Number of protein chains: 4
Amino acid sequence: MIRAGIIGATGYTGAELVRILYRHSKVEIRYLSSRSFAGEDISSVYPSLKGCVEKSCEEQNLGRVCEECDVIFAALPHGHSVPIVKRALESGVKVIDLGADFRLKNPEEYERWYGLKHEAPDLLDEAAYGLPEIYERDIEKARIVANPGCYPTSIILGLAPLLKKGVIKTESIVADSKSGVSGAGRTPSEKTHFVECNENVSAYGVSGHRHRPEIEQELEKLAGNSVRITFTPHLVPITRGILSTIYAELDFDITQGEVRELYESFYQHKPFVRILPEGVFPRTRWVYGSNFCDINFYVDSEAKRITVISAIDNLVKGASGQAVQNMNLMFGFSEVEGLMVPGLCP
Amino acid sequence: MIRAGIIGATGYTGAELVRILYRHSKVEIRYLSSRSFAGEDISSVYPSLKGCVEKSCEEQNLGRVCEECDVIFAALPHGHSVPIVKRALESGVKVIDLGADFRLKNPEEYERWYGLKHEAPDLLDEAAYGLPEIYERDIEKARIVANPGCYPTSIILGLAPLLKKGVIKTESIVADSKSGVSGAGRTPSEKTHFVECNENVSAYGVSGHRHRPEIEQELEKLAGNSVRITFTPHLVPITRGILSTIYAELDFDITQGEVRELYESFYQHKPFVRILPEGVFPRTRWVYGSNFCDINFYVDSEAKRITVISAIDNLVKGASGQAVQNMNLMFGFSEVEGLMVPGLCP
Amino acid sequence: MIRAGIIGATGYTGAELVRILYRHSKVEIRYLSSRSFAGEDISSVYPSLKGCVEKSCEEQNLGRVCEECDVIFAALPHGHSVPIVKRALESGVKVIDLGADFRLKNPEEYERWYGLKHEAPDLLDEAAYGLPEIYERDIEKARIVANPGCYPTSIILGLAPLLKKGVIKTESIVADSKSGVSGAGRTPSEKTHFVECNENVSAYGVSGHRHRPEIEQELEKLAGNSVRITFTPHLVPITRGILSTIYAELDFDITQGEVRELYESFYQHKPFVRILPEGVFPRTRWVYGSNFCDINFYVDSEAKRITVISAIDNLVKGASGQAVQNMNLMFGFSEVEGLMVPGLCP
Amino acid sequence: MIRAGIIGATGYTGAELVRILYRHSKVEIRYLSSRSFAGEDISSVYPSLKGCVEKSCEEQNLGRVCEECDVIFAALPHGHSVPIVKRALESGVKVIDLGADFRLKNPEEYERWYGLKHEAPDLLDEAAYGLPEIYERDIEKARIVANPGCYPTSIILGLAPLLKKGVIKTESIVADSKSGVSGAGRTPSEKTHFVECNENVSAYGVSGHRHRPEIEQELEKLAGNSVRITFTPHLVPITRGILSTIYAELDFDITQGEVRELYESFYQHKPFVRILPEGVFPRTRWVYGSNFCDINFYVDSEAKRITVISAIDNLVKGASGQAVQNMNLMFGFSEVEGLMVPGLCP
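Residues numbered from 1 in each chain as written. Chains lettered and ligands numbered in written order. Predicted model: local features only at pLDDT ≥ 70, side-chain atom pairs only at ≥ 80, totals over all residues. Heavy atoms only, no water.

### So, the interface of chain D and chain A
- Counting residues at the interface gives 44 residues for chain D and 45 residues for chain A.
- Summed over both sides, the interface between chain D and chain A buries roughly 3,800 Å², with carbon and sulfur atoms accounting for 53% of that surface.
- Taken as a group, Glu199(D), Val201(D) and Arg285(D) account for 17% of the area that chain D buries against chain A, more than any other trio of residues on that side.
- Between the two partners, chain D and chain A, sit 10 salt bridges.
- Between Arg228(D) and Glu302(A) there is a salt bridge; the shortest N-O distance is 3.6 Å.
- At the junction of chain D with chain A, the criterion picks out 28 residue pairs in polar contact (both at pLDDT 80 or more).
- Elements with a minimum of two residues in the side of chain D that touches chain A: strand E7 (173–179), helix H8 (194–197), strand E8 (202–203), strand E9 (229–235), strand E10 (242–249), strand E12 (293–300) and strand E13 (305–312) of chain D.
- Partitioning the side of chain D that touches chain A into residue classes produces 18 nonpolar, 12 polar and 14 charged. (Contact = heavy atoms within 4.5 Å. Buried area = accessible area lost by both parts, 1.4 Å probe. Salt bridge = Lys/Arg side-chain N within 4 Å of Asp/Glu carboxyl O. Polar contact = N/O pair within 3.5 Å; in protein donor to acceptor, adjacent residues only side chain to side chain. Helix = DSSP H or I, 4+ residues; strand = E, 2+ residues; numbered from the N terminus. Nonpolar A, V, L, I, M, F, W, Y, C, P; charged D, E, K, R; others polar.)

Below is the structure:
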């Protein structure tokens with residue numbers, strides 16, 4: 001039984017961590033902090049938790065959390081994680097950062113996209129990129145895990161087998177992602193106003209989104225050469241879910257069946273990636289509330305192109321579920337502990 | 001470890017039973033039948049289950065299910081349960097009927113509202129009405145449980161403490177319920193067409209709905225005298241959830257605080273009923289995917305009226321979750337086994 | 001051709017006025033003001049208007065609007081209309097207030113519910129209550145029109161024929177209303193966050209809502225005696241629309257057919273009230289984007305109760321459409337000018 | 001004043017024609033036919049029309065419709081239009097086909113994608129492709145207009161200026177479209193069930209959709225050489241709207257500003273195409289219920305790629321609005337007559 005602390009427990013990813021960890025047989029939720037709701041019980045902020053988790057949220061106190069916990073989840077906006085990570089390392093506490101501060105390995109890229117000078121560039125290399133299907137070994141040994149962005153998770157998992165085998169051209173990949181509104185966070189804004197989102201589909205970040213350098217960094221590692229993608233995120237009127245439709249040119253002739261073998265073999269021992277049967281394409285409903293990433297694809301031999309479609313729940317496999325999966329690996333638990341739950345469907 | 005069979009496994013309540021029982025530590029899903037999808041795997045009908053439950057659906061075979069199972073869940077439209085119940089009783093198998101055939105104690109009322117002559121009126125008295133917060137003792141001993149309707153569950157739980165104590169007048173109760181579309185079942189129809197439901201609120205069954213006699217039957221037992229309600233169900237564009245707003249006249253002066261004590265004491269040992277804090281009214285989101293029934297109320301002393309609001313997930317506490325709660329009681333398991341999960345929120 | 005000014009043009013009701021007046025053959029939109037978007041074109045705030053209405057929003061300038069306009073629409077939150085109304089009257093300009101400042105005739109009631117001392121109690125009697133189906137004659141002669149609240153419009157129109165004829169008891173009316181989120185206005189808040197509204201139904205204002213005294217004031221005038229209602233507004237995940245389900249006890253025996261005659265005769269010459277055919281109950285979709293109020297009812301002779309259901313678009317008949325209908329009467333135009341448009345359905 | 005007949009008046013595009021033509025000053029709706037609702041009034045099928053259009057739907061009678069009408073709108077599934085078109089031509093009546101039967105110029109392509117032998121291949125050349133922004137002159141003279149598909153409209157308008165000027169490579173275009181559910185028609189099915197669509201995003205037709213050959217046919221005419229696109233339609237939980245995100249490689253260096261000039265000049269005299277301001281990307285809400293097509297784009301000079309985004313209402317510019325626009329041209333009316341209405345927003 002390990003003890004976990006969540007910093008930023010009342011944002012959507014923080015609350016989702018609470019919901020998931022509550023069902024985890026090897027973790028005690030020891031510490032919750034919240035700037036906005038310090039002094040309030042988590043179950044008064046999220047009455048859905050009443051009767052299951054009733055625990056007060058505190059002001060952030062790094063000393064206490066490092067003393068009382070074995071693992072810290074930092075569920076904060078970018079720019080707030082460095083002091084937490086430093087203090088955790090000093091105290092021998094493992095830390096999983098759900099924010100963006102340790103995802104990009106290049107501090108200049110970080111500064112370019114996030115508008116902040118990175119305060120601990122020396123720690124960037126140490127942080128494992130927390131995509132267990134790719135970096136399982138690194139994560140097992142890591143003290144710091146940078147939990148991936150939601151869009152990157154869906155796109156990297158969708159493309160990994162193809163890039164690893166050099167099946168597609170790397171300079172002309174297009175990723176068109178459709179996301180639910182919970183990905184925009186809990187703070188009210190015009191962007192998240194019901195009336196603005198409902199009965200609407202819109203693109204955003206068309207001229208550049210912070211997840212693009214993260215996606216390219218990881219795709220390049222898989223491909224072994226430079227990758228340039230066109231990435232367009234869209235907002236659709238659903239609460240949870242990301243569907244990414246990914247388009248690439250084939251670098252050589254390959255059949256639908258061969259690609260299927262490739263995916264099935266690549267993800268053979270990965271319990272949370274499901275390659276759907278021939279002709280059945282992912283739907284966000286099927287992964288709703290679950291840690292699964294569903295994938296399927298279509299090879300257009302005539303046009304020498306491939307279309308890959310992947311679906312995740314942005315708050316689970318795209319954030320808090322993946323964080324718990326990382327924790328499982330870091331502490332030697334079964335990878336699926338607390339997470340092997342089907343999507344809530346219908 | 002008991003063995004469960006689900007007849008009608010591919011309807012929404014059937015699939016929800018599969019989802020819930022998968023997490024139940026004391027039940028093995030042994031048998032699934034489906035008329036529409038016989039021969040197909042449940043995970044190809046509901047790909048959300050892939051990787052969790054993979055099991056073929058068969059043609060209904062009462063001999064086999066009775067031989068191989070300890071409990072049968074009948075998740076069929078009304079009019080189909082009598083042969084199942086009879087065969088189960090003969091074989092010493094317990095049965096929980098999620099349909100309407102054993103809810104009304106009076107066979108003439110059944111015939112009036114369902115348009116069918118009841119084929120086993122002698123068994124009606126034996127069937128326990130499966131609302132565990134009221135009939136726990138009966139359910140523990142029952143061979144047949146009639147699982148309540150979704151609207152009745154939300155309304156009876158909302159009113160029980162008031163009627164038991166004689167706080168309200170019984171001839172002028174109004175229940176205004178708002179339901180998600182999954183309550184209408186899986187068969188496509190104009191009523192369930194996305195374009196007809198989306199951006200729409202509508203009432204139906206205004207001149208009479210089959211759940212009214214069921215609600216009145218149960219309210220009368222609680223009140224000890226005759227009850228006549230006005231009940232209007234509404235369809236709202238959500239998948240899951242029922243919010244019932246219930247209006248009644250107070251029969252004597254009683255304060256908000258006294259009513260609170262009444263509810264808290266009535267539901268003191270009922271783990272799935274949550275009386276929300278003062279001024280916090282139920283939202284269907286907070287019970288989404290959970291077996292909770294959230295309740296709160298407002299006493300208008302000036303007008304001598306009370307408004308009670310209750311929320312459930314129609315597929316869980318309003319159907320399959322409650323069925324599993326009943327099974328837990330029937331087999332001496334902990335009442336909450338497999339069910340103590342918070343709402344999926346956000 | 002008259003000239004209209006809209007103060008508060010970039011809120012939802014302001015923008016809806018622009019949309020409706022654009023199609024009006026006898027009105028020129030002369031002046032738009034907006035605190036938040038002064039200096040910006042209305043079509044950059046609402047790109048839906050591009051190519052139809054392109055006009056700059058200004059800082060509020062009462063002198064100019066009174067000089068340049070024949071009618072002013074004040075589309076502001078309560079507490080801001082008195083100076084506008086006073087200046088308009090001085091300048092001989094007619095004014096239609098879409099806010100709440102002139103709806104309640106009793107300044108103490110206003111202070112009790114809105115928390116502000118009324119600054120022009122002497123003008124309250126002069127203001128016509130802008131419900132044309134009831135106060136046509138008053139509105140035609142009025143210099144000030146208090147445009148009714150959205151909930152009151154749906155409830156008063158639903159009950160008027162019954163109260164006028166003394167058909168129902170006035171002390172036990174229940175009004176259960178379900179509203180789209182646009183009724184909560186454009187300012188982002190937790191209440192209007194997509195993730196909080198989507199897949200959710202909730203009640204609010206259970207212990208008292210500002211529209212209750214307004215509804216009671218008007219129902220009392222119709223009934224000729226005191227009225228006490230229980231009113232519960234609900235938020236449902238749609239953009240536009242209010243469905244009100246209204247419950248009352250019959251004061252004497254009356255048949256479904258007699259009530260139908262009552263409604264049809266009462267609304268005989270009212271082009272925007274549609275009594276739906278027997279058994280067809282209102283849906284908000286059918287009035288979407290239109291100025292219609294659809295009504296139907298069911299007489300439960302056995303229980304001596306009646307259920308009335310009405311539907312409006314809260315931004316049209318519940319706000320801006322009704323304001324234009326009032327303007328039509330005030331200026332002697334055809335009542336339906338610019339408004340006789342069917343609901344946008346599907 | 002001309003007389004119009006609508007065959008298939010109770011489907012979604014038929015009803016939308018009725019809604020639009022009702023506001024048209026130069027058209028009388030003379031004839032409505034419906035197989036499913038013959039004998040019923042259109043306002044009982046669509047109560048939204050009550051008080052505006054009340055007219056009985058008849059069994060299809062080609063003799064009568066040709067005798068009584070000047071123009072026929074055929075709003076039927078593919079495979080039903082040839083007899084209507086033939087009879088109309090014989091009678092000197094103009095016909096606008098909202099189905100797919102006259103869109104593809106090559107009868108073999110038609111047979112390949114629609115599984116039917118074309119019954120009037122000799123008429124294919126005569127039919128004008130009813131995209132007025134491209135084929136205005138042809139449409140003005142046409143006796144038969146093939147009204148374009150909804151996806152093709154959004155994609156062709158989005159790409160036309162680029163292809164006409166040879167700005168992009170024609171062999172690697174990707175079109176990712178997101179459509180509302182009304183595009184799937186009124187017949188209930190699993191695909192259009194509320195519970196299947198709500199809280200869901202999914203791709204369909206990934207391996208080939210009937211609109212692809214139509215899009216390619218038209219893009220080729222614009223480009224003057226062969227075009228091969230990858231087209232993936234998606235279903236999103238909205239009623240109306242298509243957002244198409246289109247990706248292409250630039251064939252030579254061109255700046256954002258130069259592309260802007262290209263679009264603005266190409267669509268200079270096209271009242272229904274709106275090029276949005278720099279950095280403002282289309283949203284389906286802004287065209288809701290309107291005949292506009294909104295477009296914007298982003299030139300990624302570094303990657304030598306362009307992303308174009310277009311939005312239409314699939315039932316208006318994607319079907320019935322465009323049909324009326326075609327009718328206006330065919331009869332010498334103003335192109336915008338009856339159609340210059342802003343989107344219903346909020």
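Having put the structure on the table, let's press on.
### Looking at the relation of the copies chain C and chain D
- For the pair chain C and chain D, the relating rotation is 180°, the translation along its axis is 0.0 Å, and the fit reaches an RMSD of 0.0 Å. A rotation of that kind, with that shift, is consistent with a two-fold axis.
- Looking at the interface residues of chain C, 100% of them are also at the interface in chain D, so both copies use one shared face. (Least-squares fit on C-alpha atoms with pLDDT ≥ 70 in both.)

### Describing the nonpolar core
- In terms of nonpolar packing, the biggest core is built from 397 residues, with Phe73(A), Phe73(B), Phe73(C) and Phe73(D) touching the most fellow members.
- Those residues in contact with Phe73(A), other than ones at most four positions away along the chain, are Ala4(A), Gly5(A), Ile6(A), Ile7(A), Leu17(A), Leu21(A), Ile96(A), Leu98(A), Ala323(A), Val324(A) and Met327(A). (Core = buried A, V, L, I, M, F, W, Y, C linked by side-chain atoms within 4.5 Å. Buried < 20%, exposed > 50% of the residue type's maximum accessible area, 1.4 Å probe, protein only.)

### Let's talk about unusual backbone geometry
- Omega for the bond connecting Cys345(C) with Pro346(C) falls within 30 degrees of zero, at 10°, which places this linkage in the cis form.
- One non-glycine residue, Glu199(B), lies in the positive phi region at around 50°.
- Structurally, the position occupied by Glu199(B) is in the loop between helix H8 (194–197) and strand E8 (202–203).
- Note on Glu199(B): relative accessible area 4%, which makes it buried.

### As for the pairing of strand E3 (residues 71–74) of chain B
All names here are of chain B.
- Here E3 shows no split at all, with Val71 and Phe73 on one side and Ile72 and Ala74 on the other all buried.
- Both strand E1 (residues 2–7) and E3 contribute to a ladder of 4 bridges, which runs parallel. By the bridge assignment for E3, Gly5 is matched with Ile72.
- Judged from the 4 bridges that link them, E3 and strand E4 (residues 94–97) form a sheet pairing that is parallel. Looking at the pairing, Ile72 lines up with Val95 of E4. (Pairing = 2+ DSSP bridges.)

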